[in-house]
Amino acid sequence: MNIQWYPGHMTKAKRAMKEDIKLIDLIIELVDARVPYSSRNPDIDELGRQKARLVLLNKADLASDKGNDAWVSCFASQGIQAVKVDSRSRASLKQIQGAVQEACREKLERNRKRGILNRPVRAMVVGIPNVGKSTFINSYAGKASAKTGNKPGVTKGNQWIRLNKTLELLDTPGILWPRFESQEVGLHLAFIGSINDQILDREDLAIELIRLLSREYPLVLTGRYGEEVRGGTDIPQAAAALENIARVRGCVAKGNEYDRKKAAGLLLDDYRSGKLGRLTLEFPGQEL
């Protein structure tokens, strides 16, 4: 599969981000804990070179503990603080305020020495589409401050949200970058739903997911769908596994044929929602 997706509004959003970055103290970057490498926009490093940084490993409840801990350590080795969160759970966000203060410690200390004591930290929330930025802001603020949706690209323009006396957040649209350096990166983003499904062949995508799961988590498919769905790392084996999922789950099309497209949607939804288990697809140091 050759996956690229860069709609026109992302160019406009990137220009707006360049302007707004002058106004902020901190960049809070959300990445998907299952694919932290693929879900980091390389443009953010360039845009935020002189700014304090905080990475939130969002959807950490869908990734393995081993993977989450490895990525926290990896970011720490780069001098970037990373925090594991589930943006749907307010309890997991209690650590954010302390992390913000720690990330901005030098800036706050400079302000204190200059007698500036009550100025809130202004943070820009960034990330790729469908990584959970708006859900994070809404959960953290305790109200529906930012629009949310389960389709990538719901947030169209920048909006400020004042959370309290110490922190203001700038919500931004999810933006990708013009060309993925690796097709594996594109696949991983498609698996988690950050690429618009309407431009993809979901059947081909499901076959690629079966191949990856068969290689990295060989017991997952049988655990979810039964012994008949054994998967395989080559395309014919994976295609047969997809047909078996259709048969086991009663996905039938006209003419009594098995509906592989419907089975593909079921598999992708099961992965994205965590019904296949807590599956990290990338680890630090892994070649993509």
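Residues numbered from 1 in each chain as written. Predicted model: local features only at pLDDT ≥ 70, side-chain atom pairs only at ≥ 80, totals over all residues. Heavy atoms only, no water.

A. Quick look at the side chain of serine 38. Mapping serine 38 onto the fold places it in the loop between β1 (26-32) and α2 (42-47). Within the structure, serine 38 has its side chain in polar contact with the side chain of glutamate 282 (distance 2.3 Å). (Helix = DSSP H or I, 4+ residues; strand = E, 2+ residues; numbered from the N terminus. Polar contact = N/O pair within 3.5 Å; in protein donor to acceptor, adjacent residues only side chain to side chain.)

B. Main features of helix α3 (residues 65-77). Spanning 13 residues, α3 covers 18 Å between terminal C-alpha atoms, matching the ideal 18 Å at 1.5 Å per step. Of all the residues in α3, the buried ones are Gly67, Asn68, Trp71, Cys74 and Phe75. Projection of α3 onto a plane perpendicular to its axis shows the buried side chains occupying an angular sector of 125 degrees, all on one side. Of the exposed residues in α3, those oriented more than 90 degrees away from the buried face are Lys66, Ala76 and Ser77. Buried-residue contacts for α3 involve β2 (52-58) and β3 (81-84). Just downstream of α3 lies glycine 79, where phi reads positive at about 80 degrees. (Expected span 1.5 Å × (residues − 1). Buried < 20%, exposed > 50% of the residue type's maximum accessible area, 1.4 Å probe, protein only. Arc of directions from axis to C-beta. Contact = heavy atoms within 4.5 Å.)

C. Inspection of the sheet that holds β3 at higher detail. Strand order in the open sheet formed by six strands is β3-β2-β1-β4-β6-β5, with mixed pairing between adjacent strands. Each edge of the open sheet carries a strand with a single partner, namely β3 and β5 (159-164). For this sheet, the mean angle separating the axes of adjacent strands, direction not counted, is 25 degrees. Direction of pairing for β1 relative to strand β4 (residues 121-126): parallel, over a ladder of four bridges. (Pairing = 2+ DSSP bridges. Axes fitted to C-alpha atoms, helices over the stretch in contact; angles between N-to-C directions.)

D. Spotlight on the pattern of salt bridges. Scanning all chains against the criterion turns up 28 salt bridges. Residue glutamate 29 is joined to arginine 40 by a salt bridge in which the shortest nitrogen-to-oxygen separation is 3.0 Å. Highlighted residues: glutamate 29 in strand β1 and arginine 40 in the loop between β1 and α2, separated in sequence by 11 residues. One exposure class covers both glutamate 29 and arginine 40, and it is buried. Arginine 272 is the partner of aspartate 197 in a salt bridge, and the nearest nitrogen-oxygen pair spans 2.9 Å. Of this pair, aspartate 197 sits in the loop between α7 (183-192) and α8 (202-216) while arginine 272 sits in helix α11 (residues 260-273), placing them 75 residues apart in sequence. Owing to a relative accessible area of 17%, arginine 272 belongs among the buried residues under this scheme. Counted as one network, the salt bridges with shared partners bring together Glu29, Arg40, Asp45 and Arg53. (Salt bridge = Lys/Arg side-chain N within 4 Å of Asp/Glu carboxyl O.)

E. Representation of the packing of α7 against α8 in the model. Put simply, α7 and α8 touch, their axes get as near as 10 Å, and they point 105 degrees apart. When the interaxial angle is binned, α7 and α8 end up roughly perpendicular. Every residue of α8 that contacts α7 at Leu187, His188, Ala190 and Phe191 is listed here: Leu205, Glu208, Leu209 and Leu212. Class assignment of the residues belonging to the contact of α7 with α8 gives a composition of six nonpolar, one polar and one charged. (Parallel < 35°, antiparallel > 145°, perpendicular 65-115°, else oblique. Nonpolar A, V, L, I, M, F, W, Y, C, P; charged D, E, K, R; others polar.)

F. Molecular detail of the pairing of β2. Counting buried residues in β2 gives six out of seven residues, a clear majority hidden from the surface. In the sheet, β1 pairs with β2 via seven bridges, with the strands oriented parallel. The residue of β2 that forms the bridge with glutamate 29 is valine 55. Crossover β1 to β2 through α2 is right-handed. Two strands pair when backbone bridges link them, and β2 and β3 are joined in this way by four bridges, in the parallel orientation. Residue pairing in the sheet places valine 55 in a bridge with alanine 82 of β3. Following the backbone out of β2, through α3 and into the adjacent parallel β3, one traces a crossover that is right-handed. (Right-handed = clockwise from strand over helix to strand, strands pointing away.)

G. Seen up close, the packing of aromatic side chains. Counted according to the given criterion, the structure contains two aromatic pairs. Note on phenylalanine 136 and tyrosine 140: the rings are 5.7 Å apart at their centroids and 15 degrees apart in plane angle, and the pair reads as stacked. Of the two residues, phenylalanine 136 and tyrosine 140 are both situated in helix α6 (residues 133-141); the distance of four residues between them amounts to about one turn of the helix. Both residues of the pair, phenylalanine 136 and tyrosine 140, count as buried. The lysine or arginine in question, lysine 66, covers the ring of phenylalanine 283, its NZ or CZ lying 5.8 Å from the ring centre. We note arginine 122 situated over the ring of tryptophan 160; from NZ or CZ to the ring centre the distance is 4.0 Å. (Phe/Tyr/Trp six-rings, centres within 6.5 Å; stacked < 30°, edge-to-face > 60°. Lys NZ or Arg CZ within 6 Å of the ring centre and 35° of its normal.)

H. Seen up close, unusual backbone geometry. Unlike most non-glycine residues, lysine 59 shows phi in positive territory, near 60 degrees. By secondary structure assignment, the location of lysine 59 is in the loop between β2 and α3. When its relative accessible area of 19% is taken as the criterion, lysine 59 is described as buried. We note that asparagine 130 has phi near 65 degrees; this positive angle belongs to a residue other than glycine. Relative to the assigned elements, asparagine 130 resides in the loop between β4 and α6.

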